[in-house]
Amino acid sequence: MGVGRRMQKQGPPPALDESLVTRKRKLAAPTNGAIKKQKTAEIKKPIANGKAKKAAPKKVSKAPEPEPEDDGLSDLSGDAIDDPDIMEDELDGIEEADLDDADDDEIDDDADDFANALSGSDEDVVDSDDEGVRHKRMWSDDEDSDAEEKLTAANIAGLSRKLDQQRAQEAAEAEEELKDDALQTNIAAADIPDDEDGQKASLLAPDLQLLRTRITETVRVLTSFKDLAEPGKSRAEYTQALLRDICTYYGYSPFLAEKLFSLFPPQEALAFFDANETPRPMVIRTNTLRTHRRDLAHALINRGVTLEPVGKWSKVGLQIFESQVPLGATPEYLAGHYILQAASSFLPVMALAPQEHERVLDMAAAPGGKTTHLAALMRNTGCIFSNDSNKDRAKGLIGNIHRLGVKNTIVCNYSALEFPRVMGGFDRVLLDAPCSGTGVIAKDASVKTNKTEADFLRLPHLQKQLLLAAVDSVDHASKTGGYIVYSTCSVTVEENEQVVQYVLNKRPNVKLVPTGLVFGKEGFVKYQAKRFHPSMKETRRYYPHAYNVDGFFVAKFKKTGPTPPNAVKAQGSAEEKKQHANGTKEEQYVDDDVADEVDAVDGAEEEEFGGFDEEEDQKYIERSLKKQLKKKGIDPKATKAKAVKSLSK
Ligand SMILES: C[S@@+](CC[C@H](N)C(=O)[O-])C[C@H]1O[C@@H](n2cnc3c(N)ncnc32)[C@H](O)[C@@H]1O
């Protein structure tokens, strides 16, 4: 695993993170000298057979430190977890300060007691006001020198990775400078062969370099347009030129480049495109049904893995900096002690916050990252219906459920559109919807070119229907729940705010509520000509450039009553149109597409479930296609096949 951006600390930027999570925090950043000292210590640490030897403990432990087990599993067994003595011994090589924020809510009570015994405090790191405890418990990159003394082998390794990262960055910069020099030399050189037109033959590196310079310069002009624009040149002209350069430089289709660019101010858009060029940090989620985060960290450190807690916002995530072993094949992995899972995938589950003994539906669940997290939060109680329409993917879901020791889950294989006809009355429903993947371009670069306008009609349409089904599957009278979480790994407005707005319009019996997540940007209340309900600010957006996590969207709804049988009918009725015209209805927060669709709905939905039918769906798709074609100046009377083809170009 290389160094670089991947090594960056993941999660919320300091301002958000610190102010929201910690009330008292005065520790300063470590000095370079301190980091160097730690680095030296790590270099001295011998590593044999791919297995790092334990660093010598700084403190003498109460009990003699046991030799690490050969298979690294016995110290993670249920007995070890429940036996404070054994666990205390284990912690000699990994100081309690670092990992005892790991468990809290997600582990069993015995383990909580044990954690408390170790730290001398039963408080949660997140809410602690106790400065002393805070010093001990923090595991971050801005400790003071006192706290450094207490850093563990893991922490030292983590920090030394950062030093490596710094060095790599310096090396990259030096290389960049060399290239610059070379470029200048090349440009000035008289012996570059001319092409047929007598122009200097273009060289790939100089072109990209120049392109990058031009992009940066155009962004600068757009940012201070009045002061920097050439007279007579419009903002639109600059933007078009910039988009052309972005497509060439980063390899996006013009359609997607424009769609993504329009989400941000120009400077931020550039940061977003840049962030999509580097992978996010590798993260694993501790399976608290099988182990505790600190025990897992201990076991992996002993196998030569360098890691750190993912951030104070998660009690189960570990960010992997470097590994001597394949993380998908360690004994701990095979024993189900963790799952490889992107950090942002934790968020929808945290937002849904399932309670023990509830009935929960995961509508689109494969391969099961979120289902298994739900099960862990519910401590294997209650019942999860874990559904996916794709049978092959559902096999992976079953595999993960078995590996991670999930016992409260029933796997089903329906189109989620069939809920609640299959079953309803759930306390909570998670809809992690199929989406375009514009939040995970760093993982799948094909998204840059393979998504067309047709996808951004088809997917939102499916997402809207699925979300209506999710709402209708929840028991509004649930004593503990009545919540729905909608998430996507996409950043487009069509797949997020527009879907949420559509459902708010169609189902007056739900409202948006805070997600409870401690970081993330507010959803759009306004986007281009579209206006959304003010409560849309309760939804959360996540961007790779802002938090070093995959792009994600999370919305949480509370169902307040049964769906009125005439809900949909009312929305298309003459009375409602009159209300819209008078601006007397909350549903004036309607975007064009929603208005079209609402107008198109004349048939009543007789039952709580929306009663979708393919014919009706087709009508919406065709209507939207026609609109798009008209916008493009294409004859909408062209055959549908031709129309889709031209839109796909
Ligand atoms: C984003 S992935 C879900 C990831 C999953 N929640 C996890 O955390 O591992 C979306 C899933 O939706 C499924 N899907 C697509 N259309 C569906 C439908 N109509 N009903 C149910 N599942 C569907 C896909 O097969 C895919 O597995």
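Going by the annotation in an unreviewed UniProt entry, the name recorded for the chain is Nucleolar protein 2, with Zasmidium cellare ATCC 36951 given as the source organism. As its UniProt record puts it under Sequence similarities (unreviewed entry), the chain is described as follows: "Belongs to the class I-like SAM-binding methyltransferase superfamily. RsmB/NOP family." Turning to the chain, the UniProt annotation filed under Subcellular location (unreviewed entry) states: "Nucleus, Nucleolus".

Attention now goes to the packing of helix 13 (residues 254–261) against helix 14 (residues 266–275). Running from amino to carboxyl end, helix 13 crosses helix 14 at an angle of 125°, the nearest separation of the two axes being 10 Å. In this view, helix 13 runs oblique relative to helix 14, as classed from their interaxial angle. Contact residues: helix 13 offers Ala-257, Leu-260 and Phe-261, while helix 14 offers Pro-266, Ala-269, Phe-272 and Phe-273.

The next point concerns the site of the ligand. Close to the ligand lie 20 residues; Lys-370, Asp-388, Arg-393, Ala-416 and Asp-432 are nearest. One of the side-chain N or O atoms of Asp-388 is found 2.6 Å from an oxygen atom in the ligand. Contact between the ligand and Ala-416: a nitrogen atom at 2.8 Å from a main-chain N or O atom of the residue. When isolated, the ligand has an accessible area of 600 Å², and the protein chains bury 85% of it. Classifying every residue of the shell around the ligand gives 10 nonpolar, 6 polar and 4 charged.

With that settled, the discussion passes to the pattern of salt bridges. Evaluated as defined, the whole model comprises 14 salt bridges. A salt bridge links Asp-245 to Arg-214; the nearest nitrogen and oxygen atoms lie 2.8 Å apart. Here Asp-245 is found in helix 12 (residues 235–250), whereas its partner Arg-214 is found in helix 10 (residues 204–223), with 31 residues between them in sequence. Asp-245 sits in the buried class, given a relative accessible area of 7%. We note a salt bridge from Asp-550 to Lys-443, for which the minimum N-O separation is 2.7 Å. Highlighted residues: Asp-550 in the loop between helix 23 (544–547) and strand 17 (552–559) and Lys-443 in the loop between strand 10 (428–432) and helix 20 (447–450), separated in sequence by 107 residues. Relative accessible area serves as the criterion here: at 6%, Asp-550 is assigned to the buried category.

A separate point is the sheet that holds strand 5 (residues 317–322). Across the sheet, which stays open at both edges, the 4 strands sit in the order 4-5-3-6 with antiparallel pairing between neighbours. Each having just a single partner strand, strand 4 (306–309) and strand 6 (338–340) make up the two edges of the open sheet. Direction aside, neighbouring strands of the sheet carry axes that sit 30° apart on average. Here 4 bridges tie strand 3 (residues 282–286) to strand 5, and the two strands are oriented antiparallel to one another. Bridging from a neighbouring strand, Val-283 pairs with Gln-319 of strand 5.

We now examine unusual backbone geometry. The omega torsion of the bond from Ala-366 to Pro-367 falls at 5°, within 30 degrees of zero and hence cis. Looking at the secondary structure, you find Pro-367 in the loop between strand 7 (359–362) and helix 18 (369–377). In this structure, the amide linkage connecting Phe-419 to the following residue, Pro-420, adopts the cis form with an omega of 5°. Topologically, Pro-420 is positioned in the loop between strand 9 (409–412) and strand 10. Phi at Arg-379 takes a positive value of approximately 50°, unusual for a residue other than glycine. You can call Arg-379 partly exposed: its relative accessible area is 27%. In the Ramachandran plot, Gln-528 falls in the positive-phi region, its phi being about 50° despite a non-glycine side chain.

Take helix 19 (residues 391–403) next. With 13 residues, helix 19 should cover 18 Å at 1.5 Å per step; its first-to-last C-alpha distance of 19 Å lies within 8% of that length. Ala-394, Leu-397, Asn-400, Ile-401 and Arg-403 are the residues of helix 19 that are buried. Buried residues along helix 19 sit in contact with helix 16 (331–334), strand 6, helix 18, strand 8 (383–387) and strand 9. The first or second residue beyond helix 19 is Gly-405, which carries a positive phi of 75°.

Reading guide: rules and limits
- The residue numbers shown here count from 1 along each chain, following its written sequence.
- The predicted nature of this model means local features are confined to residues of pLDDT at least 70 and side-chain atom pairs, given and counted, to a pLDDT of 80 or more, with totals for whole chains, interfaces and linings taken over all residues.
- Only hydrogens and water are set aside; all other atoms, that is, all heavy atoms of the structure, feed into the side-chain values.
- UniProt positions are given in the numbering used here, feature names are shortened, and annotations may be inferred rather than shown by experiment.
- Where helices are involved, their axes are fitted lines through C-alpha atoms of the stretch in contact, as for all axes, and angles between N-to-C directions lie from 0 to 180°.
- Numbering of helices and strands runs from the N terminus; a helix is a DSSP stretch of H or I covering at least four residues, while a strand is a stretch of E covering at least two.
- Angle categories: roughly parallel below 35 degrees, roughly antiparallel above 145, roughly perpendicular from 65 to 115, and oblique for all the rest.
- We call two residues contacting when some pair of their heavy atoms lies within 4.5 Å.
- Any residue with at least one heavy atom within 4 Å of a molecule or strand is counted as near it.
- Two N or O atoms form a polar contact when they lie within 3.5 Å of each other; inside protein one atom must be a possible hydrogen donor and the other a possible acceptor, and for residues adjacent in sequence the pair counts only when both atoms belong to side chains.
- Only the protein chains shown count as covering a residue, and every accessible area follows the Shrake-Rupley method with a 1.4 Å probe.
- In this classification, Asp, Glu, Lys and Arg are treated as charged, Ala, Val, Leu, Ile, Met, Phe, Trp, Tyr, Cys and Pro as nonpolar, and every other residue, Gly included, as polar.
- Salt bridges are counted wherever a side-chain nitrogen of Lys or Arg sits within 4 Å of a carboxyl oxygen of Asp or Glu.
- Categorising residues by exposure relies on relative accessible area from a 1.4 Å probe, with only protein chains included: less than 20% of the type maximum marks a residue as buried, more than 50% marks it as exposed, and the intermediate range marks it as partly exposed.
- Think of it this way: DSSP has to see at least two bridges between two strands before they count as a pair.
- Multiply 1.5 Å by the residue count of a helix minus one, and that product is the helix's expected span.

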